[in-house]
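# Analysis of the macromolecular model
The lines below spell out each chain.
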Amino acid sequence: MSASDLEVLWAGQPVSVEPLTAEAFKAFGDVIEASDSAQHFTINQGFAERFHQLAHVDLTQDGGQPTISIFKARAQPLPLQLSMLEKHPFGSQAFMPLSGDAYLVVVALGGDTPDMTTLKCFSATAQQGVNYAKGTWHHPLLALQDGDFLVVDRAGPAGELNCVEFALDALHLKINS
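Here goes a summary of the coordinates provided.

Scoring rules and cut-offs
- Residues numbered from 1 in each chain as written.
- Predicted model: local features only at pLDDT ≥ 70, side-chain atom pairs only at ≥ 80, totals over all residues.
- Heavy atoms only, no water.
- Pairing = 2+ DSSP bridges.
- Helix = DSSP H or I, 4+ residues; strand = E, 2+ residues; numbered from the N terminus.
- Axes fitted to C-alpha atoms, helices over the stretch in contact; angles between N-to-C directions.
- Phe/Tyr/Trp six-rings, centres within 6.5 Å; stacked < 30°, edge-to-face > 60°.
- Buried < 20%, exposed > 50% of the residue type's maximum accessible area, 1.4 Å probe, protein only.
- Salt bridge = Lys/Arg side-chain N within 4 Å of Asp/Glu carboxyl O.

Strand order in this open sheet of 5 strands is β4-β13-β10-β16-β7, and the pairing throughout is antiparallel. In the strand order of this sheet, the two ends are held by β4 (29-32) and β7 (65-73), each with one partner. On average, each strand axis in the sheet is tilted by 15° relative to the strand beside it, whichever way the strands run. As judged from the 4 bridges shared by β4 and strand β13 (residues 129-132), these two strands associate in the antiparallel manner. Of the residues in β13, the one forming a bridge with Gly29 is Tyr132.

See below:
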């Protein structure tokens with residue numbers, strides 16, 4: 001299933017599924033991709049091209065440490081009723097697909113609660129990752145196919161709450177195939 005086959009509804013009204021671009025996503029974080037617009041240069045005696053500083057990784061507040069994980073995502077069955085958004089108040093969180101499949105990114109701005117007037121849905125290609133800026137409201141990983149994602153996020157002190165959830169039950173955010 002491709003993202004172009006999907007319909008996203010919020011309170012019964014369509015929400016456009018936009019292609020993921022750095023410009024369209026900049027209010028929410030960074031797009032991670034090896035594009036010509038990124039700073040890049042040849043390394044390793046000419047056998048590799050480094051695409052440099054693709055995202056602002058912000059993880060060290062209050063003693064946080066970067067951690068790298070693999071998430072084994074399962075495809076979401078459609079139609080899908082989105083039940084929550086989450087944010088990480090102490091650090092950024094980056095996802096990079098490893099399995100070669102597109103996925104969806106749902107984000108919103110806001111403070112203590114998401115501002116649903118800023119809700120956006122993006123279609124990410126298999127060659128694009130996202131880095132959610134600290135405090136950005138987003139839906140957990142929305143894989144369209146089973147697959148693996150490399151995740152860079154924050155490991156904080158024991159007992160720290162670095163994931164705040166907001167229930168969408170009454171808001172009727174739905175994705176149809």
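This paragraph deals with the packing of aromatic side chains. In total, this model carries 8 aromatic pairs according to the counting rule given. Judged by centre distance (5.8 Å) and plane angle (45°), the ring pair of Phe25 and Phe28 falls under tilted. Judged by its relative accessible area of 0%, Phe25 is buried. Seen in terms of ring centroids, Tyr103 and Phe149 are 5.1 Å apart; in terms of plane orientation they differ by 85°. Their pairing is edge-to-face. Residue Tyr103 is located in strand β11 (residues 103-108), and its partner Phe149 is located in strand β16 (residues 147-155); the two are separated by 46 residues in the primary sequence.

So, on to the pairing of strand β9 (residues 84-87). Side chains Met84 and Glu86 project from β9 onto one buried face, and the interleaved Leu85 and Lys87 project onto a second face that is buried too. Pairing of β9 with strand β17 (residues 164-167) involves 4 bridges; the strand directions are antiparallel. Within the sheet, the bridge partner assigned to Leu85 lies in β17 and is Phe166.

Attention now moves to the pattern of salt bridges. Counted by the stated rule, this structure contains 4 salt bridges. Glu18 is the partner of Lys120 in a salt bridge, and the nearest nitrogen-oxygen pair spans 3.5 Å. Taken together, the residues Lys120 in strand β12 (residues 120-124) and Glu18 in strand β3 (residues 17-19) connect sequence positions 102 residues apart. The shortest N-O distance in the salt bridge between Asp58 and Lys134 comes to 3.4 Å. On the criterion of sequence distance, the pair formed by Asp58 in the loop between β6 (48-51) and β7 and Lys134 in the loop between β13 and β14 (137-138) is long-range, its members being 76 residues apart. Looking at Asp58, the relative accessible area reads 22%, which means it is partly exposed. Under the relative-accessibility criterion, Lys134 is labelled partly exposed at 33%.

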